[in-house]
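# Architecture and fold: a report
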Amino acid sequence: MVTIKTTMPQHIEQVKQEVIEWRRYLHAHPELSFEEVETANFVYNTLQSFGGIELSRPTNTSVLGIIKGASPGKTIAIRADMDALPIDEKSGVPFSSKKPGVMHACGHDGHTAMLLGTAKVLSQLKDNIAGEVRLIFQHAEEIFPGGAEELVHKGVMDGVEAVIGAHLWSPLEVGKIGIVYGPMMASPDTFNIIIKGKGGHAAMPHDTVDSIATAAQVVSNLQHIVSRNVNPLKPVVVSVAKFIGGTTHNVIPGSVEIMGTVRTFDPDVRKDIPIHMERIVKGITAAHNAEYEFDYSFGYRAVINDDDITQILEETMEEVYGSDAIERMDPSMVGEDFSAYQQVAKGAFFYIGAGNADKGMIYPHHHEQFMIDEQSLEKGVSLFTSATFKFLA
């Protein structure tokens, strides 16, 4: 007896090479966040060529595809991000970026290609679908406020009961699939502090208010938030990543700029961090007769995977690739705006292994030589397709 489980692998095999070609085209033609006009046009036209998909443009740089099955049922959404990064590519591959200073250095070209492949397979199998599938090709994941929140406001998630997404992951070996129950990715907040002192000659520090010495104490004491103000069972990262002050060896500058990021999972801890930070900054500057400016920006929410949807994904992974392919992974402090979709529907995000040391694919995300093993793309199509049918069933 011919079933969907026996025919699906054939459809996926037939689309496999196309997915690689789409990915290479997208890799060669990257566009930055909120500029993905040509990428969205390519996605729209490719989806249109499949037939059987209702298409719309929620924004000028995004695409929504809807596949309605032969019978009514639940609604699931699958999301792929499309934007690139402001990096000058040095991977050396034949399909390297044709746009100087812009590169797909995070795998979003692969995410888009995988969802295109999924769309083609599902459009061919729509008579077997009971329910509805939303295909969300999202702009601007890399830059806050991100594209996900905007698309939610545009209504792409209205009526959706579950949402899934994946990230090609170079630290994970190709052939492996990473799963995380509960907290997966942190809230990526940012802060900017300006310490205002009184500049002067470095040989006469008594006539100055040393902004560098004061700022150095601020940096050191910010770490007390993690070690002394937060429950040690609640993960928190406070990282200073930028410290700018001074112009030469014998001038104490009048001000110093400090920038960095805070990563949390717990919303209550997240809310308290800027309060702790400003208290420290205020106290240190007051002690040294300096002044300050403090700005704190809340970024994306944390990605918290729903247990039920995560279990469906894990069962799908085991059925398709076996338990040996599954890696139970720890939460990561990176951020992702997939969390916006999880505010309106049950959702889960997972990793697809894309690294391969034997092929020299060892570079981290956002690196100028970043590259994925394209064998990973077929796995994304297979898992998206199989998980869709499993959920709708």
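Notes on the structure follow. (Residues numbered from 1 in each chain as written. Predicted model: local features only at pLDDT ≥ 70, side-chain atom pairs only at ≥ 80, totals over all residues. Heavy atoms only, no water.)

### Digging into the overall build of the protein chain
In plain terms, the rule: Secondary structure elements follow DSSP: runs of H or I of four or more residues count as helices, runs of E of two or more count as strands, with numbering from the N terminus. Residue burial is assigned from relative accessible area. The probe radius is 1.4 Å, only protein chains are included, and a residue is buried under 20% of its type maximum, exposed over 50%, and partly exposed in between. A contact between two residues is defined here by any heavy atoms of the two lying within 4.5 Å. Accessible surface area values rest on a Shrake-Rupley calculation with a 1.4 Å probe, where residue burial reflects the displayed protein chains alone. The charge count treats Lys and Arg as positive and Asp and Glu as negative. His and the chain ends do not count. Charged side chains are reduced to one point each, which is NZ for Lys, CZ for Arg, CG for Asp and CD for Glu.
Check the secondary structure of the protein chain and you find nine helices and 16 strands. A principal-axis box enclosing the C-alpha atoms of the protein chain has dimensions of 90 × 45 × 40 Å. Residues classed as buried in the protein chain amount to 53% of the 393 residues present. Considering only residue pairs separated by 6 or more positions, the protein chain has 81% of its internal contacts joining residues 24 or more positions apart. For the protein chain, the accessible surface area stands at approximately 17000 Å², while carbon and sulfur atoms represent 51% of it. Put simply, the protein chain has 32 plus and 50 minus side-chain charges, and the middle of one group is 1 Å from the middle of the other.

### Things to note about the sheet that holds strand β1 (residues 54-56)
What counts, and what does not: A pair of strands is labelled paired if DSSP reports no fewer than 2 bridges between them. Lines are fitted to the C-alpha atoms to define the axes, a helix being fitted only along its stretch in contact, and any angle between axes, read from their N-to-C directions, falls within 0 to 180 degrees.
As summarised here, the arrangement of the eight strands in space is β1-β2-β4-β3-β5-β16-β6-β15, forming an open sheet in which the pairing is mixed. At either margin of the open sheet sits one strand with a lone partner, and together these are β1 and β15 (326-328). Taken over all neighbouring pairs, the strand axes of this sheet differ in orientation by 25 degrees on average, direction set aside. Sheet topology places strand β3 (residues 71-81) next to strand β5 (residues 162-173); four bridges connect them, and they run parallel. Paired with Ile 76 across the bridge in β5 is Ala 162. Here helix α3 (residues 108-124) sits on the sheet in contact with β2 (63-68), β3, β4 (130-138), β5 and β16 (346-355), set at roughly 160 degrees to β3.

### Topic: the nonpolar core
Definition in use: For this analysis, a nonpolar core means a set of buried residues of the types Ala, Val, Leu, Ile, Met, Phe, Trp, Tyr and Cys, connected via side-chain atoms within 4.5 Å.
Ranked by size, the top nonpolar core spans 62 residues in total, and within it Leu 47, Val 133, Phe 137 and Phe 350 carry the most contacts. Broken down by element, this core gets its largest block of residues, eight residues, from helix α9 (residues 375-392). Not counting residues within four places of it along the chain, the set of residues in contact with Phe 350 comprises Gly 165, Ala 166, His 167, Ile 177, Gly 178, Ile 179, Met 184, Leu 313, Met 317, Leu 383 and Phe 384. One finds Val 156, Met 184, Phe 338 and Tyr 351 within the second-largest nonpolar core, a separate group that totals 23 residues.

### Considering unusual backbone geometry
For the bond from Phe 144 to Pro 145, the omega torsion is 10 degrees, close enough to zero to count as cis. With respect to the helices and strands, Pro 145 occurs in the loop between β4 and α4 (147-153). Phi is positive for Ala 140, which is not a glycine, with a value near 50 degrees. Checked against the element boundaries, Ala 140 lands in the loop between β4 and α4.

### Digging into the packing of helix α5 (residues 211-229) against helix α6 (residues 267-287)
Worth spelling out the cut-off: For any pair of crossing helices, the crossing counts as left-handed if the nearer helix is rotated counterclockwise from the farther one by less than a right angle, and right-handed if it is rotated clockwise. Charged means Asp, Glu, Lys or Arg here, nonpolar means Ala, Val, Leu, Ile, Met, Phe, Trp, Tyr, Cys or Pro, and polar covers whatever is left, Gly included.
At a minimum axis separation of 9 Å, α5 and α6 run at an interaxial angle of 145 degrees. Considering the relative orientation of α5 and α6, their crossing is right-handed. Facing Thr 214, Gln 217, Val 218, Asn 221, Leu 222, Ile 225 and Asn 229 of α5, the residues of α6 in contact are Ile 273, His 276, Met 277, Arg 279, Ile 280, Val 281, Ile 284 and Thr 285. Residues of the contact of α5 with α6, tallied by class, amount to eight nonpolar, six polar and one charged.

### Description of the pairing of β3
Pairing between β3 and β4: nine bridges, direction parallel. Considered in β4, the bridge of Ala 77 is made with Arg 134.

### Let's talk about the pattern of salt bridges
We count it as follows: Salt bridges are counted wherever a side-chain nitrogen of Lys or Arg sits within 4 Å of a carboxyl oxygen of Asp or Glu.
Applying the stated criterion to the full structure yields 22 salt bridges. The shortest N-O distance in the salt bridge between Glu 378 and Lys 16 comes to 3.9 Å. A residue pair is termed long-range when its members are at least 10 positions apart, and Glu 378 in helix α9 and Lys 16 in helix α1 (residues 4-28) qualify at 362 residues. Assessed through its relative accessible area of 27%, Glu 378 is described here as partly exposed.

### Thoughts on α6
One full turn of an α-helix is made of 3.6 residues, so residues set three or four places apart face in the same direction. Here is the rule we go by: By this rule, a helix spans an expected 1.5 Å times one less than how many residues it contains. In protein, a polar contact means a hydrogen-donor-capable atom and an acceptor-capable atom, both N or O and within 3.5 Å, with residues adjacent in sequence counting only if both atoms are side-chain atoms; elsewhere, any N or O pair within 3.5 Å suffices.
Spanning 21 residues, α6 covers 31 Å between terminal C-alpha atoms, matching the ideal 30 Å at 1.5 Å per step. Taken together, the buried positions of α6 are occupied by Val 269, Arg 270, Ile 273, Pro 274, His 276, Met 277, Ile 280, Val 281, Ile 284 and Thr 285. On the buried face of α6, the contacting elements are β8 (187-196), α5, β10 (236-244), β12 (255-264) and β13 (291-297). Of the residues flanking the start of α6, the one acting as N-cap is Asp 266, its side-chain oxygen 2.8 Å from the backbone nitrogen of Asp 268. Looking one or two places after α6, you find Asn 289, whose phi comes out positive at around 65 degrees.

### Digging into the packing of aromatic side chains
The condition that has to hold: Pairing of aromatic rings covers Phe, Tyr and Trp, the last through its six-membered ring, and needs centres within 6.5 Å; plane angles under 30 degrees mean stacked, over 60 mean edge-to-face, and all others mean tilted.
Applying the stated criterion across every chain yields a total of nine aromatic pairs. Ring centres of Tyr 25 and Phe 42 lie 4.5 Å apart, and the angle between their planes is 25 degrees; this geometry places the pair in the stacked category. Here Tyr 25 is found in helix α1, whereas its partner Phe 42 is found in helix α2 (residues 37-50), with 17 residues between them in sequence. For the pair Phe 144 and Tyr 300, a centre-to-centre distance of 5.7 Å together with 45 degrees between the ring planes defines the contact as tilted. Of this pair, Phe 144 sits in the loop between β4 and α4 while Tyr 300 sits in the loop between β13 and β14 (303-305), and the two are 156 residues apart along the sequence.

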